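Geometric and topological summary
Okay, here's what each chain looks like letter by letter:
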Amino acid sequence: METSAPEASVVHERRRAPRHDLHVTAIVRVPGQATLHARMTDLILHGLGLATRRELPPATRCEVELALSVDRQIRQLRLVADAVRSEGDSAAGHRVGLKLVDPPAESLDLLERYLGVLR
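Residues numbered from 1 in each chain as written. Predicted model: local features only at pLDDT ≥ 70, side-chain atom pairs only at ≥ 80, totals over all residues. Heavy atoms only, no water.

**Concerning unusual backbone geometry**
The following threshold applies: Runs of H or I in DSSP of at least four residues are treated as helices and runs of E of at least two as strands, each being numbered from the N terminus. Categorising residues by exposure relies on relative accessible area from a 1.4 Å probe, with only protein chains included: less than 20% of the type maximum marks a residue as buried, more than 50% marks it as exposed, and the intermediate range marks it as partly exposed.
A positive phi is found at alanine 59, a non-glycine position, where the angle reads about 80°. Here alanine 59 lies in the loop between strand S3 (47-52) and strand S4 (61-70). In this model, aspartate 71 sits at a positive phi of 55°, which is unusual for a non-glycine residue. For aspartate 71, a relative accessible area of 48% corresponds to the partly exposed category.

Below, the structure is given as structure tokens:
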């Protein structure tokens, strides 16, 4: 009897920049909803991932507040973002992907410096 080995699955990464895995506290504000405390789990220059206890459906606009250590200082950063994906459930938690919306140049500069520290 002949058997064949299963083909290895190929994962296609659509990101243009590497993603950095993190564990940074984030505060998320959605108009008309209670403030949500989350954990930033990954970051790229124009997006980030969050672990949350509450769902943020795709297309939800929110403000994300982060405290990042850059140049030996804690820097507060407020970003506007849109949820682009949301997975999970209320028991296990949700993983939310956010895309930044028109981040100011100074915020992008701070994110670039923070990402540089991570490399």
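**Topic: the side chain of threonine 41**
Rule in force here: Here a polar contact means two N or O atoms within 3.5 Å. Within protein one must be a hydrogen donor candidate and the other an acceptor candidate, and residues neighboring in sequence count only if both atoms are side-chain atoms.
Its location among the elements puts threonine 41 in strand S2 (residues 36-44). Separated by 3.4 Å, the side chains of threonine 41 and aspartate 42 make a polar contact.

**Some thoughts on the pattern of salt bridges**
As a reminder, the rule being used: In what follows, salt bridge is the name for a side-chain nitrogen of Lys or Arg lying within 4 Å of a carboxyl oxygen of Asp or Glu.
What the rule picks out here adds up to 8 salt bridges. A salt bridge links arginine 29 to glutamate 63; its shortest N-O distance comes to 3.8 Å. With arginine 29 in strand S1 (residues 20-29) and glutamate 63 in strand S4, this pair connects stretches of sequence that are 34 residues apart. What makes arginine 29 partly exposed here is its relative accessible area of 31%.

**Regarding helix H1 (residues 105-118)**
Inclusion rule: Here, expected helix span is obtained from the residue count minus one, scaled by 1.5 Å. By definition, the arc is the one covered by directions from the helix axis to the C-beta atoms.
Under the 1.5 Å per step criterion, the end-to-end length of H1 is 20 Å for 14 residues, consistent within 8% with the ideal 20 Å. All of the buried residues in H1 are Ser107, Leu108, Leu110, Leu111, Tyr114 and Leu115. End-on, the buried residues of H1 take up no more than an arc of 160°, which puts them together on one face. Seen from the buried face of H1, the exposed residues on the opposite side, beyond 90 degrees, are Ala105, Glu106 and Val117.

**Observations regarding the pairing of S3**
Stated formally: Two strands pair under a simple rule: DSSP has to find at least two bridges between them.
For S3, the buried fraction is high: 6 of the 6 residues fall into the buried class. Side chains Gly47, Gly49 and Ala51 project from S3 onto one buried face, and the interleaved Leu48, Leu50 and Thr52 project onto a second face that is buried too. Relative to S3, S2 is paired through 5 bridges, and the arrangement is antiparallel. Across the sheet, residue arginine 39 finds its bridge partner in S3, namely alanine 51.

**Focus: the pairing of S2**
Counting buried positions over the 9 residues of S2 gives 7, a clear majority of the element. Adjacent in sequence and paired antiparallel, S2 and S3 are bridged by 2 residues.

**Digging into the nonpolar core**
Soluble globular proteins tend to pack their nonpolar side chains together in the buried interior. The criterion, for reference: Nonpolar cores were defined as sets of buried Ala, Val, Leu, Ile, Met, Phe, Trp, Tyr and Cys residues, with membership established by side-chain atoms within 4.5 Å. Note on contacts: a residue pair qualifies if any of its non-hydrogen atoms lie within 4.5 Å across the two residues.
Counting 27 residues, the largest nonpolar core has Val28, Met40, Leu48, Leu50, Leu68 and Leu98 as the members making the most contacts within it. Mapped by element, the contributors of at least two residues to this core are S1, S2, S3, S4, strand S5 (73-89), strand S6 (93-100) and H1. Per-element accounting of this core gives the leading share, 5 residues, to S4. Sequence-distant contacts of leucine 48, defined by excluding residues within four places in its chain, comprise Met40, Asp42, Leu43, Leu79, Val96, Gly97, Leu98 and Leu100.

**Observations regarding the environment of arginine 85**
Note on placement: arginine 85 falls in strand S5. Among the residues examined, arginine 85 registers a relative accessible area of 26% and is labelled partly exposed. Distance from arginine 85 to alanine 59, taken between C-alpha atoms, is 8.4 Å for residues 26 residues apart in sequence. Here arginine 85 is in contact with Pro58, Arg95, Val96 and Gly97, once residues within four sequence places are set aside.

Note that all results are geometric; they support no functional claim without further evidence.
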